[in-house]
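# Analysis of the macromolecular model
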Amino acid sequence: MVWRAFLVFRPLNLLILALSQFLVYYFLNPSPVVRDLANPQFRAFLGIVLASMMIAASGYLINDLFDQKVDLTNKPSKTPIQFWKPAQINVAYGLLNVVALVIGFFISWGMFQVFLATALLLYLYSARFQYWPLVGNLTVSFLAAISLLIVKFVAVETPSLLLLFYAGFAFLLTLIRELVKDVEDMDGDAGAGYRTAPIAWGKSTVKWIVIVLSFLGLISYLGILNFGFSVVKPSDPLRWQSIYNALFVGVPFIILIRQLSKAATKEDYSGISQICKY
């Protein structure tokens, strides 16, 4: 029962968030000096990772609270919020955000402001934005990009253009997944009175929007990857990053487009959502 209650925080999603930030920090800062605990820059980065996970966890908690009824339709076997009492939700939500904001304050005033704005946007997403076509999708996608861009606060050696590419790619992939999830959850969302994109515009329209976004993402990705191979020397650590990206990002993108073209049922879209996540 305790574990079921803990699942409200989406531990696997939090792990993916932390891993993404670590990979960006590692690949864009290959010097061992910036990965030493004695280095204040690295300690600040660890604080950013921890605070990011806390704010994300609080976002999942408050979102499940607002979506409790609709989730009984969309995910009848996955509603861990039912194991929480209202007082426990309030305490956990407040504690996670306060600790994250304190960590941000000690890192920098700018980091504090970013975390405060993120917490506010996540609350507004759960309370309002997710009910409107595309607004909630864009909000979550924007925050996914921000989770990588904030690495710049403590990674002075990070090339800005490369970091913008990673953040833009995170935005695009998250937007695709959010739209796919809306199609997957259409029945429950419609019953709750939501006006998500597939309900407002139709499943077929959203499907083609996602396919176009996926093609644009793949073309942009291949272009940047080709540029990386042409300018990075074989001995450069970034060369291995390019090979990794080709295998574990490019290939799944092709699979994603293929699956989208055949998708028809809720189970099809559920599988596509998992591809986008991992």
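Residues numbered from 1 in each chain as written. Predicted model: local features only at pLDDT ≥ 70, side-chain atom pairs only at ≥ 80, totals over all residues. Heavy atoms only, no water.

Each pair of aromatic rings is reported with the distance of its centres and the angle of its planes. On inspection of all chains with the given rule, the structure shows eleven aromatic pairs. Both rings, one in Phe66 and one in Tyr123, keep their centres 5.8 Å apart while their planes meet at 80 degrees; by these two values the pair is edge-to-face. Taken together, the residues Phe66 in helix α3 (residues 40-66) and Tyr123 in helix α6 (residues 109-127) connect sequence positions 57 residues apart. Note on Phe66: relative accessible area 31%, which makes it partly exposed. Clustering of aromatic rings is evident, with ring pairs tying together Phe22, Tyr25, Phe42 and Phe45. (Phe/Tyr/Trp six-rings, centres within 6.5 Å; stacked < 30°, edge-to-face > 60°. Helix = DSSP H or I, 4+ residues; strand = E, 2+ residues; numbered from the N terminus. Buried < 20%, exposed > 50% of the residue type's maximum accessible area, 1.4 Å probe, protein only.)

All right, on to the packing of α3 against helix α5 (residues 86-107) then. Interaxial distance between α3 and α5 falls to 9 Å at its minimum, and their mutual angle equals 155 degrees. Regarding the angle of α3 to α5, the classification is roughly antiparallel. Crossing geometry of α3 relative to α5 is assigned as left-handed. Contacts from Ala44, Gly47, Ile48, Leu50, Ala51, Met54, Ile55, Ala57, Ser58, Leu61, Ile62 and Leu65 in α3 reach Ile89, Ala92, Tyr93, Leu96, Asn97, Val99, Ala100, Ile103 and Ile107 in α5. Partitioning the contact of α3 with α5 into residue classes produces 18 nonpolar, three polar and no charged. (Axes fitted to C-alpha atoms, helices over the stretch in contact; angles between N-to-C directions. Parallel < 35°, antiparallel > 145°, perpendicular 65-115°, else oblique. Left-handed = near helix turned anticlockwise from the far one by under 90°. Contact = heavy atoms within 4.5 Å. Nonpolar A, V, L, I, M, F, W, Y, C, P; charged D, E, K, R; others polar.)

Counting residues in each nonpolar core, the largest one holds 67 residues, and the members touching the most others are Phe9, Leu61, Trp84, Phe115, Ile176 and Ile272. In contact with Phe115, not counting residues within four places along its chain, are Ile48, Ala51, Ser52, Ile55, Ala100, Leu101, Gly104 and Ile150. (Core = buried A, V, L, I, M, F, W, Y, C linked by side-chain atoms within 4.5 Å.)

Moving on: a nonpolar patch on the surface. On the surface, Val98, Val102, Phe105, Phe106 and Trp109 cluster together to form a nonpolar patch covering roughly 590 Å² of accessible area. Broken down by element, the nonpolar patch gets its largest block of residues, four residues, from α5. Within the secondary structure layout, Phe105 lies in helix α5. (Patch = residues over 30% accessible without salt bridge, like charges linked within 9 Å, V, L, I, M, F, W, Y side chains within 5 Å. Areas by Shrake-Rupley, 256 points an atom, 1.4 Å probe, with all protein chains shown as cover. Salt bridge = Lys/Arg side-chain N within 4 Å of Asp/Glu carboxyl O.)

With that settled, the discussion passes to the environment of Gln41. Position of Gln41 relative to the elements: it lies in helix α3. Residues Gln41 and Val154 lie 113 residues apart in sequence; the distance between their C-alpha atoms is 5.6 Å.

Read these as layout, nothing more, since geometry by itself doesn't imply function.
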